[in-house]
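Spelled out from the first residue to the last, the chains are:
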Amino acid sequence: MAFKNQGSAAPRALVVEDINVDRVILSTMLGKFNCETTIAQNGKEAVDLFLEGKTFDIVLSDKDMPVMTGPEAVAKIRAMGATEVKIVGVSADLGGMEAFMSAGADEFIPKPMTLGDLEPMLQEVISKKNMSG
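Participant: It is not clear to me how a nonpolar patch on the surface should be interpreted in this structure. Could you clarify?
Facilitator: On the surface, Ile-19, Val-21 and Ile-25 cluster together to form a nonpolar patch covering roughly 260 Å² of accessible area. Summarising the element assignment, Ile-19 is placed in the loop between strand 1 (12-16) and helix 1 (20-31).

As structure tokens, then:
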């Protein structure tokens, strides 16, 4: 894997996922790319992190979660003015893509996500971060 992340600050990732096994898998994959990962167990927790002033380079969000769904959280995060963060919807639900994209997500990846899905998105985030920082 020819992943380049030398000499730059670690990308800050937020994983929004209610299923523990899926959280562990995504966190482990992000760890392979030296990401600093924060976990939210539902959309409300993700929105609360943004309300607290936390910033992230990339958000990976599940669709169907208790309290607040992924697309609801995406819409609220975008409404707060968080336009620089890359938001990726992740779901096994075939209707997930439309729900996430209409809410303001940048991309949608069907589950199961692979390292091959994640790498180009993180390369883009790191390149953007290096240019702006």
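Participant: Could you clarify how one ought to interpret the nonpolar core in this entry?
Facilitator: Note on soluble globular proteins: their nonpolar side chains tend to be buried together. In this structure, Leu-14, Phe-50 and Val-59 are the most contacted members of the largest nonpolar core, which totals 21 residues. Secondary-structure elements contributing two or more residues to this core are strand 1, helix 2 (43-51), helix 3 (70-79) and helix 4 (96-103). Tallying contributions element by element places helix 2 first for this core, with four residues. Setting aside residues up to four positions removed in sequence, Leu-14 forms contacts with Thr-38, Ile-39, Ala-40, Ala-46, Leu-49, Phe-50, Phe-56, Ile-58, Val-59 and Leu-60. Ranked by size, the runner-up nonpolar core spans 17 residues in total, among them Met-29, Cys-35, Val-90 and Leu-118.

Participant: Help me understand the pairing of strand 5 (residues 107-110) in this model?
Facilitator: Both faces of the sheet carry side chains from a regular strand, because those side chains alternate between them. Pairing of strand 4 (residues 86-91) with strand 5, which is carried by four bridges, proceeds in the parallel orientation. In the strand pairing of strand 5, Ser-91 is matched with Pro-110.

Participant: Could you clarify how one ought to interpret the pairing of strand 1 in this entry?
Facilitator: With four of five residues buried, strand 1 is to be regarded as a mostly interior element. Sheet analysis places strand 1 next to strand 2 (residues 36-40), joined by five bridges and oriented parallel. For Leu-14, the partnering residue across the bridge sits in strand 2 and is Thr-38. Remark: the strand 1/helix 1/strand 2 crossover connection has right-handed handedness. Summarising the sheet, strand 1 and strand 3 (residues 58-62) pair through four bridges and their orientation is parallel. Paired with Ala-13 across the bridge in strand 3 is Ile-58.

Participant: Quick question: what am I supposed to make of the sheet that holds strand 3 here?
Facilitator: As summarised here, the arrangement of the five strands in space is 2-1-3-4-5, forming an open sheet in which the pairing is parallel. Bordering the open sheet on either side are strand 2 and strand 5, each of which pairs with just one other strand. Taken pair by pair, the neighbouring strands of this sheet meet at an average axis angle of 20°, ignoring direction. Here helix 4 sits on the sheet in contact with strand 3, strand 4 and strand 5, set at roughly 160° to strand 5.

Participant: Just checking my understanding: could you explain the pattern of salt bridges for this structure?
Facilitator: Between side chains of opposite charge, pairing is possible as soon as their charged atoms come close. Within the structure shown, the criterion is met by 13 salt bridges. Among the ionic pairs, Asp-57 bridges to Arg-12, the shortest N-O distance being 3.6 Å. Separated by 45 residues along the polypeptide, Asp-57 in the loop between helix 2 and strand 3 and Arg-12 in strand 1 bring together distant segments of the chain. Accessibility expressed as a relative area gives 14% for Asp-57, which makes it buried. Because the salt bridges share partners, they merge into one network encompassing Glu-17, Asp-22, Asp-62 and Lys-111.

What counts as what
Residues numbered from 1 in each chain as written. Predicted model: local features only at pLDDT ≥ 70, side-chain atom pairs only at ≥ 80, totals over all residues. Heavy atoms only, no water. Patch = residues over 30% accessible without salt bridge, like charges linked within 9 Å, V, L, I, M, F, W, Y side chains within 5 Å. Areas by Shrake-Rupley, 256 points an atom, 1.4 Å probe, with all protein chains shown as cover. Salt bridge = Lys/Arg side-chain N within 4 Å of Asp/Glu carboxyl O. Helix = DSSP H or I, 4+ residues; strand = E, 2+ residues; numbered from the N terminus. Core = buried A, V, L, I, M, F, W, Y, C linked by side-chain atoms within 4.5 Å. Buried < 20%, exposed > 50% of the residue type's maximum accessible area, 1.4 Å probe, protein only. Contact = heavy atoms within 4.5 Å. Pairing = 2+ DSSP bridges. Right-handed = clockwise from strand over helix to strand, strands pointing away. Axes fitted to C-alpha atoms, helices over the stretch in contact; angles between N-to-C directions.

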